[in-house]
Amino acid sequence: MRNNIFTVFAKENRPLSNLLRQWSRGLIEQASNARTIEQLDAFIGSAMASSIASVRPTAPTLGEQLPGRTGEGRAREVAPGRRIPTTRVYYDIEVRGDDSILEYWPDENDGALQPVNEDVGNIDPASDDDARRYFASIDRWTCAPVTTPTGTHVVALTTWDDLTAEELGDPAARQRTTDLFNQRRADAERIVIAIAAQMANFFEVTLPEILRERATARLTHLNNVNALFSTLGLPSEWKLAVPEADELPDPPVVEIEGIAIPVRWRLEPTSYADIQHTIRAWADKLEDHPEAFTGLAEDRISDLLCATLHATTSGAGREIYSRGGKADIRIQANALDEGKGPASIFVLESKWVGGKDDVESAIEDQLMRYIPVAATSTVFLALSRNDSFANAVSSIHTWARGVPGYIGEIPGAVDGWPIFTYKIAELDGLEMQVCIATVAVPRIPSTRAEKKAAAGVD
């Protein structure tokens, strides 16, 4: 049963605008974070109306009065120490549409609406009479399923009045109750109409404006990214062979939630080297256009890199590289050959590095926590805005050596990108390889003083 309907509590704690934003949050996020221009089609023209309709509930309306019913009322004190029984007379109105919305207050009305229990006034918690008045007021309207005399199940908005036996027999008392119910229904109708009006305005005016604004901004961003990607001038011969997976001759066994699982597949070493070379070629272009990248979040840079890896993988014909999940970019074994299972055999984590914590987080909290990582090849794409890139690289390597489990390093396939090896104690000492791929994306001077300093002008 729903209570506190149309009350002061609802007005102060359940604004309808919050509920409407909650319902639309998913759509707004889709418009704000679309990965492709095609995904924005859902927010253009008639498609937007369909997208909004998919999350728009039916506003509640009040229908016919249902057949009367009675029950036991609260005993009424007629003299000190003397109470007499009452009969509770219910007034039920059929509710159509989404009855859960009746718990919320139409907070964008013109101020003419008043909560139904505003007349209760201040409550003294120590007063039993005040407590009874308050609890009676929050149940002045309730909403619950009821069964009609014909056996039909409907949802009803219900109010009530308690009458003594004498009042039940008194035409004047019965008329007072009828007038009371009619007044309460009129008050409820005004609030329900205000709820419907606020919902209509939100879904037909406010939300479309928000979605158009977010989708337009996202379209501009994606067009800029696509234009940038086109200007990178990828050479036609820059093609990466489809990565391959090797079956381990003596597969290590890891325990996941107490279950021993053999890790059978790993990225073939030549494929690992090819990916490093491709990322280096991509990073060269990134470093040539720092003004386009320095303001991007890590996820957006990972989007670009993932798109590049796909675009430069010759004849893949399927999604080899995946985005999202616990790591930025990954390859699963069965993406290369059906039947090899979902274990990840390549994982890349990108992060803007501003200090030691960023390096530790990327390696220890991300790559090492990717459970099958002990049998994978990984890349830590360390993005640096530091003006002294050589010093930044030295610091990143020093911080990486300080991550627990570090046992050594060897040169990688790319000059300046060493491969660090870590022993993971939680996985029975299995080893993980991490290519530390440092990329310089310097800050772009924005103020006059910064531009003069960059140009060497006093």
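Residues numbered from 1 in each chain as written. Predicted model: local features only at pLDDT ≥ 70, side-chain atom pairs only at ≥ 80, totals over all residues. Heavy atoms only, no water.

> Describe the packing of aromatic side chains, listing the residues and the values that go with them.
By the definition in use, this model includes six aromatic pairs. Their ring planes at 25 degrees and their centres at 5.0 Å tell us that Tyr91 and Phe181 sit as a pair that is stacked. Within this pair, whereas Tyr91 is found in strand 5 (residues 87-96), its partner Phe181 is found in helix 6 (residues 171-231), the two being separated by 90 residues in sequence. No difference in accessibility class separates Tyr91 from Phe181, as the two residues are buried. An aromatic cluster of at least three residues, connected via ring pairs, comprises Tyr406, Phe420 and Tyr422. Across from the ring centre of Trp160, 3.7 Å away, lies the NZ or CZ of Arg88, which sits over that ring. Its guanidinium or amino end placed over the ring of Trp352, Arg385 lies 3.6 Å from that ring's centre, counting from NZ or CZ. (Phe/Tyr/Trp six-rings, centres within 6.5 Å; stacked < 30°, edge-to-face > 60°. Helix = DSSP H or I, 4+ residues; strand = E, 2+ residues; numbered from the N terminus. Buried < 20%, exposed > 50% of the residue type's maximum accessible area, 1.4 Å probe, protein only. Lys NZ or Arg CZ within 6 Å of the ring centre and 35° of its normal.)

> Break down the pattern of salt bridges for me, citing the residues and quoting the values.
Counted according to the given criterion, the structure contains eleven salt bridges. Lys356 serves as the salt-bridge partner of Glu360, at 3.8 Å between the closest nitrogen and oxygen. Within this pair, Glu360 and its partner Lys356 are both found in helix 11 (residues 356-367), separated by four residues, close to a single helical turn. Salt bridges sharing partners connect three or more residues here, namely Arg280, Asp284 and Glu287. (Salt bridge = Lys/Arg side-chain N within 4 Å of Asp/Glu carboxyl O.)

That is the geometry; function is a separate question.
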